[in-house]
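So the chains spell out like this:
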Amino acid sequence: SNMNNAVGCAPLTHMLKRGVTVGLGTDGMSESMWDELKTGVLLHKHVGRDVRAGTSEMITALFQNNARIASQIFNTKIGVIEKRAKADLILVDYYPPTPLTKENLAAHVLFGIANAPVDTTIVNGKILMRNRKLPRIDESRIATRGRKIARLLWRRMVSS
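Each chain carries its own residue numbering, running from 1 in the direction its sequence is written. Per-residue local features of the predicted model are confined to residues with pLDDT of at least 70, and side-chain atom pairs are confined, for both listing and counting, to 80 or more; whole-chain, interface and lining totals are unaffected and use all residues. As a convention, hydrogens and water are excluded, and side-chain values are obtained from all of the structure's heavy atoms.

Section: the overall build of the chain
Each helix is a run of DSSP H or I of at least 4 residues and each strand a run of E of at least 2, with the numbering of both proceeding from the N terminus. Looking only at helices and strands, one finds five helices and three strands in the chain. Ordered by position in the sequence, the α and β elements of the chain form the string α-α-α-β-α-β-β-α. All radius of gyration figures rest on C-alpha atoms, and the globule criterion is 2.2 Å times the number of residues raised to 0.38. Computed over the C-alpha atoms, the radius of gyration of the chain is 20 Å, more than 25% above the 15 Å expected from 2.2 N^0.38 for a compact globule of 160 residues. In terms of overall dimensions, the chain has a C-alpha envelope of 50 × 45 × 40 Å along the principal axes. Classification of residues uses two cut-offs on accessible area relative to the type maximum, computed with a 1.4 Å probe and protein chains only: under 20% is buried, over 50% is exposed, and between them is partly exposed. A buried classification covers 22% of the 160 residues belonging to the chain. Taking all contacts inside the chain whose residues are at least 6 apart in sequence as the whole, residues at least 24 apart take part in 49%. Computed with a 1.4 Å probe, the accessible areas rest on the Shrake-Rupley method; for each residue, only the protein chains presented here act as cover. As displayed, the chain has an accessible area near 12100 Å², and 57% of this comes from carbon and sulfur atoms. As used throughout, the charge tally considers Lys and Arg to be positive and Asp and Glu to be negative, leaving His and the chain termini uncounted. Charge positions come from single atoms, namely NZ of Lys, CZ of Arg, CG of Asp or CD of Glu. For the chain, the distance from the average site of its 24 positive side-chain charges to the average site of its 13 negative ones is 6 Å. When checking whether two residues touch, look at their non-hydrogen atoms; a contact exists if any pair is within 4.5 Å.

Here you go:
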């Protein structure tokens, strides 16, 4: 939303160099952290006029610092895969056309994995979605009810 409101960009690189723990979030402009990550990387490249700027900093903010911040706030381990830690996982269908290496992992995350469909979702050790199916939820019933409610809402909005 800062870009939308033309109010500037946080100096992420400088903040991280000074030891400030900076996370990445959204204020509702988008619900997609993948989009926020990609936008942040491109914005920092643009603002810094440097093709190397932003990528590692934004990935650090999202994947390392967010877990660190949440762990402090909730006083529990978050974002690590170990016993008694809180860690949500997604498995995506991603078959890259190019080799996946340590050197190009960030680019694969930004421009490949972020666009891959989520196959499985695990929250606190419980599988909530597997093979793109929600086993505990009747998706068809919910979609039917949602369409019915949307029609009623639309009628109320049009008649106001």
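Quick look at the nonpolar core
Nonpolar cores were defined as sets of buried Ala, Val, Leu, Ile, Met, Phe, Trp, Tyr and Cys residues, with membership established by side-chain atoms within 4.5 Å. In terms of nonpolar packing, the biggest core is built from 12 residues, these being Leu 12, Val 22, Leu 24, Leu 37, Val 41, Met 58, Ile 59, Ala 61, Leu 62, Val 109, Leu 110 and Ile 113. Residue assignment for this core shows that the elements contributing at least two residues are α2 (33–48), α3 (55–74) and α4 (105–111). With four residues, α3 is the largest single contributor of residues to this core. With sequence-adjacent residues up to four places away left out, Leu 62 is seen in contact with Leu 24, Met 33 and Leu 37.

Remarks on a positive patch on the surface
Candidates for patches are residues over 30% relative accessible area with no salt bridge; among them, like charges are joined within 9 Å and nonpolar side chains (Val, Leu, Ile, Met, Phe, Trp, Tyr) within 5 Å. Put simply, a salt bridge is a Lys or Arg side-chain nitrogen that is within 4 Å of an Asp or Glu carboxyl oxygen. A cluster of basic residues, Arg 141, Arg 145, Arg 147, Lys 148, Arg 151 and Arg 155, forms a positive patch at the surface. Tracing the sequence through the fold places Arg 141 in helix α5 (residues 139–159). In this structure Arg 141 comes out as exposed when scored by relative accessible area, which is 53%.

Digging into unusual backbone geometry
The phi dihedral of Ala 6 falls on the positive side, at around 55°, and the residue is not glycine. A relative accessible area of 69% places Ala 6 in the exposed class.

Looking at the sheet that holds strand β1 (residues 89–92)
Two modes of strand pairing occur in sheets, parallel and antiparallel, and in both the strands are linked by backbone hydrogen bonds. Two strands are counted as paired when DSSP detects at least two bridges linking them. The strand order β1-β2-β3 describes an open sheet built from three strands, whose pairing is antiparallel. In this open sheet, the two edge strands, each paired with only one partner strand, are β1 and β3 (126–129). Direction aside, neighbouring strands of the sheet carry axes that sit 25° apart on average. Pairing geometry for strand β2 (residues 118–123) and β3, over three bridges, is antiparallel. Axis angles are defined between N-to-C directions and span 0 to 180 degrees, where every axis is a line fitted to C-alpha atoms and, for a helix, only to the segment in contact.

Quick notes on the side chain of Ser 30
Assignment of secondary structure puts Ser 30 in the loop between α1 (12–17) and α2. In this structure the side chain of Ser 30 is engaged in a polar contact, spanning 3.0 Å, whose partner is the backbone nitrogen of Ser 32. Among residues more than four places away in sequence, those in contact with Ser 30 are Asp 35 and Glu 36. In protein, a polar contact requires one atom able to donate a hydrogen and another able to accept it; more generally it is a pair of N or O atoms within 3.5 Å, and residues adjacent in sequence count only if both atoms are side-chain atoms.

As for the packing of aromatic side chains
Between 30 and 60 degrees the pair is tilted, below 30 it is stacked and above 60 it is edge-to-face, where a pair is any two Phe, Tyr or Trp rings, Trp via its six-membered ring, whose centres lie within 6.5 Å. For the structure on display, the rule yields one aromatic pair. Aromatic pair Trp 34 and Phe 63: ring centres 6.4 Å apart, planes at 55°, arrangement tilted. Note that Trp 34 is positioned in helix α2 and Phe 63 in helix α3, a separation of 29 residues in sequence. On the basis of relative accessibility, which here comes to 43%, the residue Phe 63 falls in the partly exposed class.

Regarding the packing of α2 against α3
Viewed as axis vectors pointing N to C, α2 and α3 meet at an angle of 145°, and their least axial separation amounts to 8 Å. The handedness of the crossing between α2 and α3 is right-handed. Residues Met 33, Trp 34, Glu 36, Leu 37, Gly 40, Val 41, His 44 and Lys 45 of α2 form the contact with α3, whose own contacting residues are Thr 55, Met 58, Ile 59, Leu 62, Phe 63 and Asn 66. Residue composition of the contact of α2 with α3, by class: eight nonpolar, four polar and two charged. Left-handed describes a crossing whose near helix is turned anticlockwise from the far helix through less than a right angle; right-handed describes the clockwise counterpart. The residue classification treats Ala, Val, Leu, Ile, Met, Phe, Trp, Tyr, Cys and Pro as nonpolar and Asp, Glu, Lys and Arg as charged. All others, Gly included, are polar.

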